[in-house]
Amino acid sequence: MSARARAAGERVTAIALRPRSAAAVTLVSLAGIVAFGWPLLVTPGSGLAHSTDAPLVFALVLPLLLAVVLAEIAEGGMDVKAVAMLGVLSAVGAALRPLGAGTAGLETVFFLLILGGRVFGAGFGFVQGAVTLFASALITGGVGPWLPFQMLGAAWVGWGAGLLPRAAGRREVALLAGYGAVAGLAYGMLLNLSFWPFSTGAATGLSFVPGAPLPENLHRFVVFSLATSLGWDLGRALTNVVLISLTARPVLGALRRAARRAAFDAPVVFDDRPDAAVAARPPGGAAGHLAQSPP
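Predicted model, so just to flag it, every value in this text is computed and none were measured.

Okay, the side chain of Ser225 next. Mapping Ser225 onto the fold places it in helix 9 (residues 214–228). Apart from residues no more than four positions distant in its own chain, Ser225 is found in contact with Met189, Asn192 and Leu230.

As structure tokens, then:
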């Protein structure tokens, strides 16, 4: 793949999603939609509609599903280079998050998820989002029933960044900044759904009404989101726009240079011939025992 093609926004497949991996991501995403949106999706006559324990049940189920998906992706879909890149970006994201989390909705981690997913593909973005939020929760002591919802929401943000269309230059920066704004607002709405049913008590205009029709509960949820979290969500969206606008070009350039050196899309061939070390010697580098066939 040429440098010009990469500069035009072409993505690298750092984590190859096999059919089973893609099916696992699809299934956990469907389960996540149910976990987030059950108050708006269940029928009024079902037993689930009359229970406020459902979010806690989903909080126990989602980590198991995420673990299955991550294990499935890792089995044959990640090589050492992808693991190393994932570790670096996740560690940086986990370190950046405490700088903004909890302050007027400022979130300093999502821009890196978006740029990572943009360069390394949807599968990498999905794993990066989940791992980054998990690592940051361990650092900040933010482990709780809300964590699986945060991990899945961030995984979707990274996944969506990897599916954006090609663009280059200022158009690419504008595309990523616009996506960052939309993702910041959508992430806030999703997290609101995860705790709204049991956070406002009963008999208020913002409360979830078990068994109520969809339009009524949807209206209550929108009012709840506007009244309680719109300022935080706008802060997250604005932070994404500003950070992406300021850092997209240098960060994308650095990640794409790293991707070229890593050659994720080049098959690795083990060669024990005596001249393999010479053949595998990169220009100006040390000799090795792996020969990479050209893409």
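Right, let's get into the packing of helix 4 (residues 80–96) against helix 6 (residues 122–140). Two elements in contact, helix 4 and helix 6, have axes whose closest approach is 8 Å; the angle formed by their N-to-C orientations is 45°. Relative to helix 6, the element helix 4 lies oblique. Handedness of the crossing formed by helix 4 with helix 6: right-handed. Contacts from Ala82, Met85, Leu86, Leu89, Ser90, Gly93 and Ala94 in helix 4 reach Phe124, Val127, Gln128, Val131, Thr132, Ala135, Ser136 and Ile139 in helix 6. When its residues are assigned to classes, the contact of helix 4 with helix 6 shows 10 nonpolar, 5 polar and no charged.

This model, assessed by the stated rule, comprises 5 salt bridges. The partner of Arg97 in a salt bridge is Glu107, with the nearest N and O atoms 3.8 Å apart. With Arg97 in the loop between helix 4 and helix 5 (110–120) and Glu107 in the loop between helix 4 and helix 5, the pair connects residues that are 10 residues apart, well separated along the chain. Measuring nitrogen to oxygen at the nearest pair gives 3.5 Å for the salt bridge that ties Arg220 to Glu216. Of this pair, Arg220 and Glu216 both sit in helix 9, 4 residues apart, which is roughly one turn of the helix. You can call Arg220 buried: its relative accessible area is 17%. Salt bridges sharing common partners tie together Arg118, Glu172 and Arg256.

What counts and what doesn't
Residues numbered from 1 in each chain as written. Predicted model: local features only at pLDDT ≥ 70, side-chain atom pairs only at ≥ 80, totals over all residues. Heavy atoms only, no water. Helix = DSSP H or I, 4+ residues; strand = E, 2+ residues; numbered from the N terminus. Contact = heavy atoms within 4.5 Å. Axes fitted to C-alpha atoms, helices over the stretch in contact; angles between N-to-C directions. Parallel < 35°, antiparallel > 145°, perpendicular 65-115°, else oblique. Left-handed = near helix turned anticlockwise from the far one by under 90°. Nonpolar A, V, L, I, M, F, W, Y, C, P; charged D, E, K, R; others polar. Salt bridge = Lys/Arg side-chain N within 4 Å of Asp/Glu carboxyl O. Buried < 20%, exposed > 50% of the residue type's maximum accessible area, 1.4 Å probe, protein only.

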